[in-house]
Amino acid sequence: MRPFHIPIEARSFGMGPSRVRRIADSVLALDDDAAAAELDHVLKDFEARHWQTRGVFMTRYLQIREVLGLDESFISETKRQLIGAYFCHEYSYAAAALMNPSIIAHPDQSGLSEGSTRIVMSLRAVGEGHISSVSFREGILSPGVHFELAPEPPFATAADSATELMDGAIEVHRHHDSTLSGTVLFPITAAQRNGLEDLRLVQFTHDDGSVEWLGTYTAYSGTTIRSELLRTRDFRSFVLAPLGGPAARNKGMALFPRTVNGEYMMIGRQDGENLFLLRSDSIDRWGEGELLLTPKYPWEQVQIGNCGSPIELDEGWLLLTHGVGAMRKYSIGAILLDKDNPARVIGRLAEPLLSAADEDREGYVPNVVYTCGAIRHGDLLFMPYGVADSSVGFAFVPIDALLAAMHSPDEPAHHRRRRPRRVRPA
């Protein structure tokens, strides 16, 4: 259940009240019995389908009261809820598409057996009007190739109580009774009006040892895009802030999980075609980067990009990539960056790690597999991935085998060319 926004301004024709005022006045004009009967009718239709329906109606009423300057001294509880109901609507946030997951370790790792990890997965969900939002699912990785998602809650609630901060940032809060798996982040600002797209979550360790969960995403207004940063320390309150600098005009930015040589670093795609390495002394401002990688193989000739934040290994920084080939087919690849000098590529897959095939080809956007982030799980890489923008699959990849399949950029690929096994969905 979301706010139903109707323009507040006066009517375009004639001198009558605005539509918002007219609706509120029509409710206030009802006698108490008629108002009660109408609210009962609304609740019969919707109360069992949503969580804390009456509370949402009241929250929305308070917003309308503020806008219209209503004197509520003589407005009954019933009429307040009914006014709120007129300015809410039911929204299926993932009815059109579900795609592009990312994953991080959950802030709460209590009560788990040895070798298990509780995770948080973000998903891009697309509903009516092609509006993208961010939803979450929790789960547990157990030793070996075992993964279990938490049950999907019967109700979803929007993070709200938005507070405006400095420089265009806002802070929203998860409802205190809502689980994270039942929470959705909807667009709020004008820059986000048509969507929050492709959140790339990363657990970031600051130089002082403190930990914060960060996520870069694309804010889409309907005409323009810009990169923004989500910040949270508990997944209960979220700050959504625009990134500054020339690089923020583009999409697909992925933050390293710590500073490298005293600098913040980011992987970006500044020209929509190649991969770039960005450096900054500020986590929220990014200039133009240096060219890191260009398309080379047939499966990535159209364009390449990142598939989430780099993952730190003893051998270097493992970066999942995506490549677009003939017939706009998306595949997932990987490269390895030097640990001390990430501008140096020391390993690269000549063939995709994962490509759309068989049933994975069919869906809202066919021939696409895509991820916005994976996580290390012992000696395995655990990767959720979107399938044709219609569902999400899960894969376990042996890290040693992945690294062994890479070749040095200075070594001809055919010398060690070996097709990696197709990843089996979990």
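All values derive from a computational prediction rather than experimental measurement.

1. Topic: the pairing of strand β4 (residues 117-127)
Counting buried residues along β4, 10 of its 11 residues qualify, which places the element largely inside the surrounding structure. Where strand β3 (residues 97-105) and β4 come together, seven bridges link them in antiparallel fashion. Looking across to β4, one finds that Ala105 is bridged to Ile119. Two elements, β4 and strand β5 (residues 131-142), share 11 bridges in a ladder whose sense is antiparallel. From the neighbouring strand, Val126 faces β5, where its bridge partner is Ser132.

2. So, the layout of surface pockets
The volume enclosed by the largest pocket comes to roughly 1,200 Å³. Lining the largest pocket are 35 residues, and of these Pro3, His5, Gln63, Asp160 and Ile188 lie nearest its centre. For the lining of the largest pocket, the secondary structure elements donating two or more residues are β1 (2-3), α3 (53-68), β2 (88-89), β7 (157-158) and β8 (160-164). Take the lining of the largest pocket: its biggest share by element is six residues, from α3. Considered class by class, the residues forming the lining of the largest pocket number 18 nonpolar, 12 polar and five charged.

3. Regarding the side chain of Ser221
Counting through the fold element by element, Ser221 comes out in the loop between β12 (211-220) and β13 (225-232). A relative accessible area of 12% places Ser221 in the buried class. From its side chain, Ser221 meets the backbone nitrogen of Thr223 in a polar contact 3.3 Å long.

4. Thoughts on the nonpolar core
Of all hydrophobic cores here, the largest spans 26 residues; its most connected members are Leu318, Leu320, Leu381, Met383, Tyr385, Leu402 and Met406. Listing elements by their share of this core, those giving two or more residues are β20 (311-313), β21 (316-324), β22 (330-337), β27 (380-387), β28 (391-398) and α5 (399-404). For this core, the element with the highest residue contribution is β27, accounting for four residues. Leave out the neighbours within four places in its chain, and Leu381 touches Ile311, Leu318, Leu320, Ala374, Ile375, Ala395, Phe396, Val397, Ile399 and Leu402. In terms of nonpolar packing, the next biggest core, distinct from the first, is built from 21 residues, Ile23, Leu43, Leu68 and Phe87 among them.

5. Observations concerning the packing of aromatic side chains
Aromatic ring pairs: the centre-centre distance and the angle between the two ring planes describe each pair. What the rule picks out here adds up to 12 aromatic pairs. On the numbers, 6.1 Å between centres and 85° between planes, the contact of Phe136 with Phe235 is edge-to-face. Note that Phe136 is positioned in strand β5 and Phe235 in the loop between β13 and β14 (237-242), a separation of 99 residues in sequence. By the burial criterion, Phe136 is buried, and Phe235 matches it. Classification of Phe235 as buried rests on a relative accessible area of 1%. In this structure an aromatic cluster arises from ring pairing among Phe136, Trp213, Phe235 and Phe238. Across the ring face of Tyr91, the terminal group of Arg2 is positioned such that the distance to the ring centre comes to 4.9 Å. The aromatic ring of Phe186 is capped on one face by Arg2, whose charged end is 4.1 Å from the ring centroid.

Rules used in this analysis
Residues numbered from 1 in each chain as written. Predicted model: local features only at pLDDT ≥ 70, side-chain atom pairs only at ≥ 80, totals over all residues. Heavy atoms only, no water. Buried < 20%, exposed > 50% of the residue type's maximum accessible area, 1.4 Å probe, protein only. Helix = DSSP H or I, 4+ residues; strand = E, 2+ residues; numbered from the N terminus. Pairing = 2+ DSSP bridges. 1 Å grid on protein atoms, 1.4 Å probe; cavity = no way out; pocket = protein on both sides within 12 Å on 5 of 7 lines; lining within 4 Å. Points joined across faces, edges and corners; volume = space filled by probe spheres on them. Nonpolar A, V, L, I, M, F, W, Y, C, P; charged D, E, K, R; others polar. Polar contact = N/O pair within 3.5 Å; in protein donor to acceptor, adjacent residues only side chain to side chain. Core = buried A, V, L, I, M, F, W, Y, C linked by side-chain atoms within 4.5 Å. Contact = heavy atoms within 4.5 Å. Phe/Tyr/Trp six-rings, centres within 6.5 Å; stacked < 30°, edge-to-face > 60°. Lys NZ or Arg CZ within 6 Å of the ring centre and 35° of its normal.

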